Amino acid sequence: MRGREGTFQPGRALPIVPPLENDELISSWLNRTAGFYGLPLAALLRAAGDGRTSVLPAAVDFGTQQRALGALATMLGMNVAGLMARTIGATQPNAASTVAGTAGSRMTGPRLHYAACPHCLEQQRIERGASWLCRAWVLASRTVCSIHHAPLVAVVPGSPAHPLWSEFYRPYQAAAVRPGRERQIPAALHSPLADRAIALLHKEMAVVQDVMLTEVAGQDGKSPSSWKGRAAIVRDLAWAFTRADHREPDRLVYEAFSSMVLDNPWHLRRRRRPGPVEFATLPLEERHLLLATATAMSGTSELRERICPPLGHWTSDLASLPQRLCEADRREWCMRRRAWPTAE
Ligand SMILES: [Zn+2]
């Protein structure tokens, strides 16, 4: 059975399907199922398509192609409603703005920025014997693992689960291995003091992101009020950073507030483009930098001193921000700021 052509056929249930894991993306489950039969994910997705073209993994995860989902449900031995209930579209409120990527159009298809925590992948492999991609990792506001406080890394569905293996296989594209983009780490970070500040930053980012995401899910009543205020500030700063810079029309507002400790001027200039942009459509690395800068700016003096010098009160550092916004954005910024906690 293993590796044989014709293994995957619409209308025929597979004899054995690996169990679905906790919070697993459908494309990840399909990838493990295809791997069980010694075939690539593309073979399974081709069988679910019209026979000539593959279904996109993101279309399956978003739930935008019902016909393909019906074919996949049959192969997986479940009903289509059960599979639909596991799509991002069904489980994530306002998926178009809260999921990293874009629902796309009929022409381009949906696009998802897939990500993973390397430590979680390792832990899954040790505890369950396999690694899988979680739905929580494709949320736009999630760039740091809430368990390990480590930045997520970009991955591509169908690649070996562990990012280190993706790196190893990078030269061997013929093996259908497609690694994610590597994270650019500025050299300035490699010092014990900077490492300590970055570890503290990632810890605070994990908590802030937890609170932001519970708010999106309508469960913010469980979060401590101090963190709720901080999460609102980080969310609004990240929004302001994605606006067009009124003073410098070729760039986003973020560039004026970027930290030399977190970002690299050369990479920053290469990414430069006119704004505004939608936060959720940005690649993982850029969303991480925006959230990291906003979390550091609104953080403790220790964090700010290490990451966002020169040091003043953080609200005074923001004094120039409204002048960089267009009239409509400035009104929106003032409205958002009025909702911030008073003891800033
Ligand atoms: Zn983790």
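Computed from a prediction, not measured in an experiment: that's the story for all the values here.

Participant: Break down the overall build of the protein chain for me, citing the residues and quoting the values.
Facilitator: Looking only at helices and strands, one finds 17 helices and four strands in the protein chain. Buried positions account for 48% of the 344 residues belonging to the protein chain. For the protein chain, the proportion of contacts with a sequence separation of at least 24, taken over those separated by at least 6, is 62%. Accessible area for the protein chain stands at about 16,800 Å²; split by element, carbon and sulfur atoms hold 55% of it.

Participant: Could you give an account of the coordination of the zinc ion, naming the residues involved and the relevant values?
Facilitator: Only Cys117 (SG), Cys120 (SG), Cys145 (SG) and His148 (ND1) from the protein reach the zinc ion as donors, at distances of 2.1 to 2.3 Å. In this structure, the zinc ion is coordinated by four donor atoms arranged in tetrahedral fashion, with angles at the metal of 102 to 115°. Judged by relative accessible area, which is 11%, Cys120 ranks as buried.

Participant: Residues and numbers for the packing of helix 11 (residues 225-241) against helix 17 (residues 327-338), please.
Facilitator: For the pair helix 11 and helix 17, interaxial distance at closest approach is 11 Å and the crossing angle is 170°. By the angle between their directions, the pair helix 11 and helix 17 is classed as roughly antiparallel. Contacts between helix 11 and helix 17 involve Arg235, Asp236, Leu237, Trp239 and Ala240 on the former and, on the latter, Asp329, Glu332, Trp333 and Arg336. A per-class count over the contact of helix 11 with helix 17 returns four nonpolar, no polar and five charged.

Participant: Go over the packing of aromatic side chains, please, and point to the residues and values.
Facilitator: Under the counting rule described, the total for this entry stands at five aromatic pairs. With a centroid separation of 5.5 Å and 90° between ring planes, the pair formed by Trp333 and Trp340 is classed as edge-to-face. Across this residue pair, the class does not change: Trp333 and Trp340 are buried. Through a chain of ring-to-ring contacts, three or more aromatic side chains come together here, namely Phe8, Phe36 and Tyr37. Above the plane of the ring of Trp239 lies Arg336, whose end atom (NZ or CZ) is 4.4 Å from the centre.

Participant: Describe the packing of helix 1 (residues 26-36) against helix 2 (residues 41-48), listing the residues and the values that go with them.
Facilitator: The contact between helix 1 and helix 2 brings their axes to 8 Å, and the two run at 110°. The orientation of helix 1 relative to helix 2 falls into the category roughly perpendicular. The interaxial crossing formed by helix 1 with helix 2 has right-handed handedness. Residues Ser27, Leu30, Asn31, Thr33 and Ala34 of helix 1 form the contact with helix 2, whose participating residues are Leu41, Leu44 and Leu45.

Participant: How would you summarise helix 2 if you had to cite specific residues and measurements?
Facilitator: The periodicity of an α-helix, 3.6 residues per turn, causes residues three or four places apart in sequence to face the same way. With six of its eight residues buried, helix 2 lies for the most part within the structure. For helix 2, the set of buried residues is Leu41, Ala43, Leu44, Leu45, Ala47 and Ala48. Residues of helix 2 that are buried make contact with helix 1, helix 3 (57-62) and helix 4 (66-76).

Participant: Give a detailed account of the pattern of salt bridges, specifying residues and quantitative values.
Facilitator: A complete count under the given rule lists 23 salt bridges for this structure. Note that Arg330 and Glu327 form a salt bridge whose closest N and O atoms lie 3.3 Å from each other. Placement of the pair is Arg330 and Glu327 together in helix 17, with a separation of three residues, close to one helical turn. Here Arg336 makes a salt bridge to Glu332, at a shortest N to O gap of 2.7 Å. Here Glu332 and Arg336 lie together in helix 17, a separation of four residues that amounts to about one turn. Each of Glu215, Arg235, Asp236, Glu332 and Arg336 takes part in one network of salt bridges that share partners.

Participant: So, the nonpolar core: which residues are in play, and what are the values?
Facilitator: With 44 residues, the main nonpolar core has Leu201, Leu237, Phe241, Ile307, Leu318, Leu321 and Trp333 as its most contacted residues. Of all the elements in the fold, those that place two or more residues in this core are helix 10 (192-216), helix 11, helix 12 (254-257), helix 14 (284-297) and helix 15 (301-307). Two domains each provide a minimum of three residues to this core, namely domain 1 (26-175) and domain 2 (187-338). When sequence neighbours within four positions are dropped, the list of residues in contact with Leu318 reads Leu237, Phe257, Met297, Trp333 and Trp340. Leu25, Ala115, Cys134 and Val153 belong to the second largest nonpolar core, which has 25 residues in total.

Participant: Go over unusual backbone geometry with me, naming the residues and quoting the values.
Facilitator: That bond from Gly275 to Pro276 is cis: its omega, -5°, falls within 30 degrees of zero. Tracing the chain through its elements places Pro276 in the loop between helix 13 (265-270) and helix 14. Of note, Asp23 is a non-glycine position whose phi angle comes to about 60°, a positive value. Here Asp23 is to be found in the segment before helix 1. Phi is positive for His149, close to 55°, though the residue is something other than glycine. The exposure class of His149 is partly exposed, given its relative accessible area of 27%.

The rules behind these values
Residues numbered from 1 in each chain as written. Predicted model: local features only at pLDDT ≥ 70, side-chain atom pairs only at ≥ 80, totals over all residues. Heavy atoms only, no water. Helix = DSSP H or I, 4+ residues; strand = E, 2+ residues; numbered from the N terminus. Buried < 20%, exposed > 50% of the residue type's maximum accessible area, 1.4 Å probe, protein only. Contact = heavy atoms within 4.5 Å. Areas by Shrake-Rupley, 256 points an atom, 1.4 Å probe, with all protein chains shown as cover. Donors = N, O, S within 2.8 Å, 3.2 Å for Na, K, Ca; no water. Tetrahedral: all angles 85-135°; square planar, octahedral: opposite > 155°, others 65-115°. Axes fitted to C-alpha atoms, helices over the stretch in contact; angles between N-to-C directions. Parallel < 35°, antiparallel > 145°, perpendicular 65-115°, else oblique. Nonpolar A, V, L, I, M, F, W, Y, C, P; charged D, E, K, R; others polar. Phe/Tyr/Trp six-rings, centres within 6.5 Å; stacked < 30°, edge-to-face > 60°. Lys NZ or Arg CZ within 6 Å of the ring centre and 35° of its normal. Left-handed = near helix turned anticlockwise from the far one by under 90°. Salt bridge = Lys/Arg side-chain N within 4 Å of Asp/Glu carboxyl O. Core = buried A, V, L, I, M, F, W, Y, C linked by side-chain atoms within 4.5 Å. Domains from an automatic or database assignment.

Such coordinate-based values are descriptive only and should not be taken to indicate function.
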